[in-house]
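# Chain and residue survey
Read off the chains here:
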Amino acid sequence: FSLTNFEALKGGWFLVTVTASKANANKALRACLETLQSIVARGGVGSDNLSSAKRVVINRHEGGLQSLKGYVEALSGLQMDSIPLKGPKCLTEFHRVVEGVTVKD
């Protein structure tokens, strides 16, 4: 599973992507829905889930910045009106922001 949040966009949308073969698409969709439903049933994300997610997000970010393509993707949208909160700090403050997320967020 991959969850992409759009916190910098006006609104509250998120995107969940699941990679699966065509034959397993329905199984993957069911697994994704079950996962989201279990999070809701438990009352949200726990601190252990959050710690794990933070590590994954930071590692993916750092891995992406090992190439010029990663920097370009990280900086894409800087001047778009539809992404008003995005600026150069999306790179310099990334770790601080990720580490600052709590289960209440």
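Quick note: structure is the one above.
These numbers were taken from a predicted model, which means no experiment stands behind them.

Reading guide: rules and limits
- Residues numbered from 1 in each chain as written.
- Predicted model: local features only at pLDDT ≥ 70, side-chain atom pairs only at ≥ 80, totals over all residues.
- Heavy atoms only, no water.
- Helix = DSSP H or I, 4+ residues; strand = E, 2+ residues; numbered from the N terminus.
- Buried < 20%, exposed > 50% of the residue type's maximum accessible area, 1.4 Å probe, protein only.
- Contact = heavy atoms within 4.5 Å.
- Areas by Shrake-Rupley, 256 points an atom, 1.4 Å probe, with all protein chains shown as cover.
- Patch = residues over 30% accessible without salt bridge, like charges linked within 9 Å, V, L, I, M, F, W, Y side chains within 5 Å.
- Salt bridge = Lys/Arg side-chain N within 4 Å of Asp/Glu carboxyl O.

## Let's talk about the overall build of the protein
When helices and strands are counted, the protein shows 5 helices and 2 strands. Each of the 105 residues in the protein was classed as buried or not, and the buried ones make up 15%. A separation threshold of at least 6 residues defines the contact pool for the protein, and within that pool the share at least 24 residues apart is 47%. Carbon together with sulfur atoms contributes 59% to the accessible area of the protein, which is approximately 8,400 Å² in total.

## Remarks on a nonpolar patch on the surface
Side chains of Leu68, Tyr71, Val72, Leu75 and Leu78 sit close together on the surface and give an oily, nonpolar patch of about 450 Å² of accessible area. Among the structural elements, leucine 68 can be located in helix α3 (residues 68-75).

## Quick notes on the environment of valine 57
Among the secondary structure elements, valine 57 is positioned in helix α2 (residues 47-64). Each C-alpha atom of the pair valine 57 and valine 98 lies 7.8 Å from the other, and the pair is 41 residues apart in sequence. Those residues in contact with valine 57 that sit more than four places away from it in its chain are Phe94 and Val98.

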